[in-house]
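Each chain, written out:
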Amino acid sequence: MDNENDTFFEKELENSLLRSLEEDEAQPKKTPPTPQVLDIFPITRRPFFPGMAAPIVVEAGPFYEIVKVIAKSTHKCLGLVLTKSETAEASKVQFKDLYPVGVLARILRIIPTEQGGAQIILNMEQRIIIESPVVNDGKGLQAKVGYFKDNPTLTDELKAYAISIISTIKELLKLNPLFKEELQIFLSHSDFTEPGKLADFAVALTTATREELQSVLETFDIQIRIDKALILLKKELDLSILQHNINQKIDATITKSQKDFFLREQLKTIKKELGIEKDDKVLDREKFTARLKERKVPPDVLKVINEEMEKLGALEVQSAEYAVSRGYLDWLTIIPWGIHSTGSHDLVEAEKILEHDHYGLEDIKERILEFIGVAKLSGTTKGSIICLVGPPGVGKTSIGKSIARALNRKFYRFSVGGMRDEAEIKGHRRTYIGAMPGKLIQALKYCQTMNPVIMLDEVDKMGSSYNGDPASALLEVLDPEQNVEFLDHYLDVRCNLSDILFIVTGNVLDTIPEPLKDRMDIMRLSGYIVQEKVQIAKKYLTPRTRKSMGLKASQIQITDEALRGIINGYAREAGVRNLENQIKKIMRKIAIKVVREQEKSNSKEVKKTKKIKATKALPSTKYTINPTNLSTYIGKPIFTSDRFYERTPTGVCMGLAWTAMGGATLYIEAIKVSSEKTEMKLTGQAGAVMKESSEIAWSYLHSAVHKYAPNNTFFEKSQVHIHIPEGATPKDGPSAGITMVTSLISLLTNTPILDNLGMTGELTLTGRILAIGGVKEKLIAARRSGLKILIFPKDNVRDCDELSEDLKKGLTLHFVEHYDEVFNIAFPELGSISE
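Residues numbered from 1 in each chain as written. Predicted model: local features only at pLDDT ≥ 70, side-chain atom pairs only at ≥ 80, totals over all residues. Heavy atoms only, no water.

> Hey, could you go over the overall build of the protein chain for me, with residue numbers and the actual values?
Along the protein chain, the regular secondary structure elements total 29 helices and 24 strands. The burial tally for the protein chain puts 47% of its 835 residues in the buried class. For the protein chain, restricting intrachain contacts to residue pairs at least 6 apart in sequence, the fraction spanning at least 24 positions comes to 75%. Within the structure as shown, the protein chain displays about 42500 Å² of accessible surface, and the carbon and sulfur contribution to it stands at 51%. (Helix = DSSP H or I, 4+ residues; strand = E, 2+ residues; numbered from the N terminus. Buried < 20%, exposed > 50% of the residue type's maximum accessible area, 1.4 Å probe, protein only. Contact = heavy atoms within 4.5 Å. Areas by Shrake-Rupley, 256 points an atom, 1.4 Å probe, with all protein chains shown as cover.)

> Please provide a residue-by-residue account of the sheet that holds strand 9 (residues 453-457), values included.
Spatially, five strands are ordered 8-9-12-7-13 in an open sheet, and the strand pairing comes out parallel. Every other strand in the sheet has two partners, leaving strand 8 (411-415) and strand 13 (521-524) as the edge strands with one partner each. Averaged over all neighbouring strand pairs, the angle between strand axes comes to 20°, with direction disregarded. Relative to strand 12 (residues 501-506), strand 9 runs parallel, the two being bridged by four bridges. Note on strand 12: the bridge partner recorded for leucine 456 is valine 504. Its contacts with the sheet put helix 13 (residues 362-378) on strand 7 (385-389), strand 12 and strand 13, and the angle it makes with strand 13 is roughly 155°. On top of the sheet, helix 16 (residues 439-447) reaches strand 8, strand 9 and strand 12; it is set at about 150° to strand 8, its chief contact. (Pairing = 2+ DSSP bridges. Axes fitted to C-alpha atoms, helices over the stretch in contact; angles between N-to-C directions.)

> Can you lay out the packing of aromatic side chains for me, pointing to particular residues and giving the numbers?
For any two aromatic rings, the description comes down to two numbers: the centre-to-centre distance and the angle of the planes. Enumeration according to the criterion identifies 14 aromatic pairs in this entry. Ring plane angle 50° and centroid distance 4.6 Å describe the contact between phenylalanine 148 and phenylalanine 220, whose orientation is recorded as tilted. With phenylalanine 148 in strand 6 (residues 141-148) and phenylalanine 220 in the loop between helix 6 (210-217) and helix 7 (222-253), this pair connects stretches of sequence that are 72 residues apart. Seen in terms of ring centroids, phenylalanine 714 and phenylalanine 715 are 5.1 Å apart; in terms of plane orientation they differ by 70°. Their pairing is edge-to-face. Across the pair, phenylalanine 715 and phenylalanine 714 agree in class, each one buried. Aromatic ring contacts, followed pair by pair, group Tyr700, Tyr708, Tyr819, Phe823 and Phe827 into a single cluster. The ring centre of tyrosine 328 lies 3.8 Å from the NZ or CZ of arginine 430, which sits over that ring. For lysine 445, the ring lying beneath its charged end belongs to tryptophan 331, and the centroid distance is 4.5 Å. (Phe/Tyr/Trp six-rings, centres within 6.5 Å; stacked < 30°, edge-to-face > 60°. Lys NZ or Arg CZ within 6 Å of the ring centre and 35° of its normal.)

> Before we move on, can you summarise the pattern of salt bridges with the specific residues and values?
Using the criterion set out here, one finds 26 salt bridges in the structure. A salt bridge links aspartate 479 to arginine 519, with the shortest nitrogen-to-oxygen separation between them at 3.1 Å. Of the two residues, aspartate 479 is situated in the loop between helix 17 (470-478) and strand 10 (486-487) and arginine 519 in the loop between helix 18 (514-517) and strand 13; the sequence distance between them amounts to 40 residues. For aspartate 479, a relative accessible area of 12% puts it in the buried group. Each of Glu308, Lys311 and Glu321 takes part in a single network of salt bridges with overlapping partners. (Salt bridge = Lys/Arg side-chain N within 4 Å of Asp/Glu carboxyl O.)

> Go over the environment of serine 215 with me, naming the residues and quoting the values.
Looking at the element boundaries, serine 215 is found in helix 6. Separated by 10 residues in sequence, serine 215 and arginine 225 have C-alpha atoms that sit 8.9 Å apart.

> Kindly report on the environment of arginine 210, identifying the contributing residues and their values.
Along the polypeptide, arginine 210 turns up in helix 6. A relative accessible area of 7% places arginine 210 in the buried class. Put simply, arginine 210 and lysine 84 are 126 residues apart on the chain and 9.3 Å apart in space, counted from C-alpha to C-alpha. Reaching out from arginine 210, the side chain makes a polar contact with the backbone oxygen of arginine 45 at a distance of 3.4 Å. (Polar contact = N/O pair within 3.5 Å; in protein donor to acceptor, adjacent residues only side chain to side chain.)

> Outline unusual backbone geometry, listing residues and values.
Non-glycine residue asparagine 408 carries a positive phi angle of around 55°. Mapped onto the secondary structure, asparagine 408 falls in the loop between helix 14 (396-407) and strand 8. With phi around 55°, glutamine 448 is a residue other than glycine that occupies positive phi space. The residue glutamine 448 is located in the loop between helix 16 and strand 9 in this model.

That is the geometry; function is a separate question.
Listed below in structure tokens is the structure:
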């Protein structure tokens, strides 16, 4: 509730007070009954005082309902109490948000308004003290109150105070004629026998703050109260005198052509009278000087700042060079020189944060805790650059935020993907229009600390052009030996970036320049298996999505089987971003059903009552998502199976591949047709490296056909066609070498390979098998496709040993170093051979 405008408020106050004074002189007034328990109404702008009459506006709602109940009572009383905060919402106010002293107000009249509320005329009678709240089942605020009445002894000192107040009011009338007639009537009829009432009346005339007025209301001692009232009245008189002088000065100087600038001139004069009007140049210098006092600026930088300050003092404010110099000084002084965040190296707390924010990724968490442990012992993270590499949606950015939380540092992220201008890193030279510092200096300004955590996102997607090579510019930023004296082109002073912890993210390492890669501590995030995705969806994705959609846990449930169905049929990528999108799709459809259900229920309620009521959230049906009804929410599955064949036919072998999106299974198919000459053809959009792998496989089998197929000639007068399905997808890499040889042997001997077998490895012309990358991703892909037996190069034993047992559970892993071992595993029917 807000008071009416000040003019209406004060005029009603004066009229009501004059009437009450005249009635007091004519005859004694009967005291109406006062209840011990009152309904408390919070007010926000300024308090009321006893003896006042004022209107308040009550909008339609719970307060208006309470007013109607009070109006029917015998006492017709309520309590008006000021809130401690002017911005408090009346409907949410509790007793702790109110001052302890207010006024007893009696309803004189209620005037309904067109908006459904009412304007209520109240008579303020006496002070009340809130003693204790009363529980009333949520129907507004009620409290047991005590009453206070003024019973002063009229002393000579009080009379003197009263006379001083009256004389001050008379002087105020000369300067401010507002309510002049009513005040003169009051003064001519008053005998000053009630100094408390006079004090309340006096402070009500002032424009004092709500806190000052409340202080007077809470003062029960008449002597102290009238003293406070006189002080506030004197302040009001001084303000009126100053305003009068200002108006006189303006009236003397203003001309007809200057009337449009009247308000601006008045504002300037006020500022000059108060002594706060200063020249723009002086304000700029004071701002820069104040910043320097809060920072420990290096001597060489301080020298540049002082020289630029002298230059600024010699320039005119209107000149273009002044704006350039001012902008330069603004950047030099806004950088947090010498300001560092108080970091935290608490391993226990860091472990809690990582476990709270992320599920799985145990190897990454362990690496981060090792990093924090080293930082705790050494006392610094200087020289540390963490590079998080993995497919989209595996949590690289969120891990960076968790590291910043664990270290208790500010976090700043910007993407360098597609960046083609080195000025984005090192800044523009000040000679250019619109020049700005680089992203690193902007990050320091944003964080206001010299040791934040800065994440450079998508570092593998940087470009280069005639504007320069940003990747090369990053070398200075990320090199611990060079970033101690990083030089931004705009600032042109040395800046120490060695306290910053840099976190770099990317999807692949191949496109990151070697000199840049050499400076990083690389951590790989390979992706999640189905079990991990289910837990992530249950603990993080579903609650977060449900909250963002405005749904409650009681309205929707997604079973574990449904989550597995989503993962296997709709979201097979290594990360969880597509999984979250599918969950959002389900939530949106549930939200529509909930809203329609509520609207239908409310429409029935409106028909019954024939009145329009506010929409209420009614109890809704709980929707359970299970594998049976999953397709009704997100459509038919996108993926059915990675496997094209239930039983592997002759000439077909399944390989394991790595992509930027994670691991995948890859079929190699081979057939032969009659031809005049023996030759091999490869299709399936294979890259240059994969084409070379097929040629190596062809040549190796040709040279060793007597060993693997002694009763067969090598594709005599046949054309062998090798195809890699899903031809629209580009494929490349050397790891399909042993898969191609196995497919060719199966075709040559007309023998299918072992069921549920997958393999990966680079083949040499002598049959040696070399190590490959992406072991974890390929294992995840194999589990997804239902493979049971896997063949890896022997050099990858170390990579497999580092993986969790849950990932390897149920899989038979063979590690080989020569193709003879692959042959023995893939073709048990053909008998075993030795190298």
